[in-house]
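Survey of secondary and tertiary structure
Residues per chain are reported as follows:
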Amino acid sequence: VDQLKDSMTCPLCGKPVAESADAVRTTAFLTKRDPLWRSAGRQIHRSCFLVWDKREEFVRKFNIVMQRIHRMDPRGDITDVD
Ligand SMILES: [Zn+2]
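Everything numeric here is computed off the predicted structure, so don't read it as measured data. (Residues numbered from 1 in each chain as written. Predicted model: local features only at pLDDT ≥ 70, side-chain atom pairs only at ≥ 80, totals over all residues. Heavy atoms only, no water.)

**Comments concerning the packing of aromatic side chains**
All told, the structure shown has 5 aromatic pairs when counted by the stated rule. Here F29 and F62 contribute two aromatic rings whose centre-to-centre distance is 5.0 Å and whose plane-to-plane angle is 80°, an arrangement assigned as edge-to-face. Highlighted residues: F29 in the loop between β1 (23-25) and β2 (43-45) and F62 in helix α3 (residues 55-65), separated in sequence by 33 residues. On the accessibility criterion, F29 (9% relative accessible area) is buried. Residues F49 and F58 carry aromatic rings whose centres are separated by 6.0 Å and whose planes lie at 75° to one another, so their mutual orientation is edge-to-face. Both residues of the pair, F49 and F58, count as buried. Joined through ring pairs, the aromatic side chains of F29, F49, W52, F58 and F62 make up one cluster. (Phe/Tyr/Trp six-rings, centres within 6.5 Å; stacked < 30°, edge-to-face > 60°. Helix = DSSP H or I, 4+ residues; strand = E, 2+ residues; numbered from the N terminus. Buried < 20%, exposed > 50% of the residue type's maximum accessible area, 1.4 Å probe, protein only.)

Rendered as structure tokens:
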């Protein structure tokens, strides 16, 4: 039950993320050894993401891990890599 609840709440503010909400959605691309792992594989409100002090670090790590597949821009928008 807690896992399901986690998957629907924003890790930055702890509030629910509606399916239609403007949000940053990633796969679980970090291992538990990474201090930011709790924010990976979750939905993060765009408004929370943009003011997050770890945003640059999160984007940088996403782009390192996913470099052959996806690319994230500073706003959290994800595109496929050709
Ligand atoms: Zn939030």
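Resuming the write-up.
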